[in-house]
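Summary of the model geometry
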Amino acid sequence: MLGTLLTILFIIVFVKALLIISAYFWQWVYFSPTRQDETHYFATSDGWRLAIHRYHPTGPAKRHPVILCHGLSSNRYSFALPGAPSLAAFLQRHGWDVWVAELRGSGESDHPGVFRSDVPYTWHFEDHLHEDVPAIINQVLELTGAPAVDWVGHSMGGLLVQAYLAATENPLIVSAVTLGSPTDFSRMDNRAFNLLLRLRWVARYYPIFPLPFIGRSVSPFAHRLHDFFRGLFSAPNVYPQTISKFVALAAQLVTSGTLWLDFGRFVETGVFGPGDGTTYIEKLPSSKVPLLIMGGSKDGLAPEAAVKAAGAITGDSAERQCIILGKGSGCREDYGHVDLLVGKRVESEVFPLILQWVENHDR
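Read on for a plain summary of the structure.

Turning to the pairing of strand E8 (residues 320-325), a few remarks are in order. Note on strand geometry: in a regular strand, side chains alternate between the two faces of the sheet. As judged from the six bridges shared by strand E7 (residues 291-296) and E8, these two strands associate in the parallel manner. Looking across to E8, one finds that Leu292 is bridged to Gln321. As a crossover connection, the stretch from E7 through helix H11 (residues 304-314) into E8 is right-handed.

Structure below.
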């Protein structure tokens with residue numbers, strides 16, 4: 001009996017060590033620094049240090065700076081992956097003062113470590129919403145002197161801005177764009193989310209959630225797993241090397257188990273809300289901020305119906321639009337979740353739509 005327990009314990013320790021070593025190894029293999037012009041550090045009201053990375057505009061700057069915000073368990077590489085299309089560089093080339101934010105727990109902001117940490121391993125979606133978002137906006141306004149900002153958010157970064165617009169009377173945001181942000185979680189049918197629900201017990205009893213480690217470990221052949229990840233990316237639309245690099249660099253290794261549990265609750269209940277029966281975007285229709293909602297026709301993490309939910313409650317007008325990118329809308333390929341940022345043709349099919357939106361509202 002004792003021998004069996006010791007064998008099981010050894011296997012668990014061995015597998016954990018193998019995942020950790022593999023994750024850091026592939027990060028080292030694919031590592032390349034981002035090319036921001038400046039990095040600024042500042043504190044939230046509850047004491048977390050955040051980082052924001054600036055890309056100076058080419059030529060005279062527009063009136064409003066643009067903030068780019070990443071998704072769950074991600075970081076600045078989402079918008080500035082070396083050797084791949086970069087939304088930060090694209091907007092920079094077109095005269096925008098671009099600020100790539102990193103939320104708590106990500107990139108060069110305060111984040112927990114694998115073996116030890118100076119910050120808690122737990123934080124909630126609402127900590128991002130009520131602490132990080134206003135701190136990021138205020139910091140950019142302070143450094144630029146601008147009257148307001150544009151906000152472009154991918155996945156959770158888009159969910160945050162929609163929830164923030166719904167909850168804030170004067171958000172100091174002149175326009176917003178969301179990419180692959182599913183506000184109706186009742187429409188989810190994805191193997192990765194189903195795995196998340198099965199692994200919730202890990203987040204309850206162990207602070208480090210295993211999915212990012214598993215993802216990093218399969219970096220070299222991640223492009224071959226599109227059937228399992230179903231909708232994380234569309235294989236014909238992204239170069240294999242780009243997928244490997246994105247998984248190795250843009251996927252944050254250690255993040256909050258509590259945050260994962262928040263998303264587990266969203267998926268299980270189908271409600272994007274704090275758990276009291278309300279939703280974060282109930283008051284979004286009353287917001288005056290122009291909102292462009294974008295999704296991918298083959299995005300399994302943010303299915304078309306889930307993305308369109310916010311558009312359905314806000315209505316379709318010149319100031320509220322919803323676009324689903326795929327063959328049905330004239331694109332060469334259907335778009336998955338990651339494709340919206342690093343797909344083969346984003347610089348001709350996706351980024352110009354974002355550029356046009358922020359240009360139309362730079363007044």
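Inspection of every chain in the model, using the stated rule, returns one cavity of 30 Å³ or more. In this structure, the largest cavity occupies an estimated 40 Å³ of space. Looking at the largest cavity, it is lined by 13 residues, and the ones nearest its centre are Ser73, Ser106, His128, Met156 and Leu259. Here the lining of the largest cavity is composed, by residue class, of five nonpolar, seven polar and one charged.

Glancing now at the packing of aromatic side chains. A complete count under the given rule lists 14 aromatic pairs for this structure. With a centroid separation of 6.1 Å and an interplanar angle of 35°, the aromatic rings of Phe185 and Phe272 are classed as tilted. Of the two residues, Phe185 sits in the loop between strand E6 (173-179) and helix H5 (191-198) while Phe272 sits in the loop between helix H10 (257-269) and E7, which places them 87 residues apart along the sequence. You can call Phe272 buried: its relative accessible area is 1%. Pairwise contacts between aromatic rings join Phe125, Phe185, Phe263, Phe266, Phe272 and Tyr280 into one cluster.

For strand E5 (residues 149-154), the buried fraction is high: six of the six residues fall into the buried class. Burial of E5 is two-sided: the residues Val149, Trp151 and Gly153 facing one way and the residues Asp150, Val152 and His154 facing the other way are all buried. The sheet contact formed by strand E3 (residues 66-69) and E5 spans four bridges and is parallel. Looking at the pairing, Ile67 lines up with Trp151 of E5.

It is worth spelling out a nonpolar patch on the surface at this point. There is a patch of nonpolar side chains on the surface, built from Phe25, Trp28 and Val29 and spanning about 340 Å² of accessible area. Take Val29: it is sitting in helix H1 (residues 2-30). Looking at Val29, the relative accessible area reads 37%, which means it is partly exposed.

With mixed pairing, the eight strands of this open sheet are ordered in space as E1-E2-E4-E3-E5-E6-E7-E8. At either end of the open sheet lies a strand with only one pairing partner, and these are strand E1 (38-43) and E8. Sheet twist, expressed as the average angle between the axes of neighbouring strands with direction ignored, equals 20°. Of the strand pairs in this sheet, E1 and strand E2 (residues 49-55) are connected by six bridges, and their pairing is antiparallel. Looking at the pairing, Glu38 lines up with Arg54 of E2. Lying over the sheet, helix H4 (residues 156-167) contacts E3, E5, E6 and E7, oriented at roughly 140° with respect to E6.

This part takes up the nonpolar core. Grouped together as the largest cluster of nonpolar side chains are 49 residues, with contacts concentrated most on Ile67, Phe125, Ile136, Ile137, Trp151, Ile173 and Phe272. Look past the residues within four positions of Ile173 in its chain and what remains in contact with it is Ile137, Ala148, Val149, Trp151, Val161, Tyr164, Leu165 and Val289. Formed by 44 residues, the second largest nonpolar core is a distinct cluster that contains Tyr55, Ala222, Ala248 and Phe351.

Summarising the element assignment, Asp97 is placed in the loop between helix H2 (87-93) and strand E4 (98-102). For Asp97, the side chain forms a polar contact with the side chain of Arg54, separated by 2.8 Å. Within the structure, the side chain of Asp97 is placed 3.3 Å from the side chain of Trp99, a separation counted as a polar contact. With residues up to four places along the chain from it excluded, the contact list for Asp97 reads Arg54, Tyr55, Pro57, Pro65, Val66 and Thr144.

What counts, and at which threshold
- Residues numbered from 1 in each chain as written.
- Predicted model: local features only at pLDDT ≥ 70, side-chain atom pairs only at ≥ 80, totals over all residues.
- Heavy atoms only, no water.
- Pairing = 2+ DSSP bridges.
- Helix = DSSP H or I, 4+ residues; strand = E, 2+ residues; numbered from the N terminus.
- Right-handed = clockwise from strand over helix to strand, strands pointing away.
- 1 Å grid on protein atoms, 1.4 Å probe; cavity = no way out; pocket = protein on both sides within 12 Å on 5 of 7 lines; lining within 4 Å.
- Points joined across faces, edges and corners; volume = space filled by probe spheres on them.
- Nonpolar A, V, L, I, M, F, W, Y, C, P; charged D, E, K, R; others polar.
- Phe/Tyr/Trp six-rings, centres within 6.5 Å; stacked < 30°, edge-to-face > 60°.
- Buried < 20%, exposed > 50% of the residue type's maximum accessible area, 1.4 Å probe, protein only.
- Patch = residues over 30% accessible without salt bridge, like charges linked within 9 Å, V, L, I, M, F, W, Y side chains within 5 Å.
- Areas by Shrake-Rupley, 256 points an atom, 1.4 Å probe, with all protein chains shown as cover.
- Salt bridge = Lys/Arg side-chain N within 4 Å of Asp/Glu carboxyl O.
- Axes fitted to C-alpha atoms, helices over the stretch in contact; angles between N-to-C directions.
- Contact = heavy atoms within 4.5 Å.
- Core = buried A, V, L, I, M, F, W, Y, C linked by side-chain atoms within 4.5 Å.
- Polar contact = N/O pair within 3.5 Å; in protein donor to acceptor, adjacent residues only side chain to side chain.

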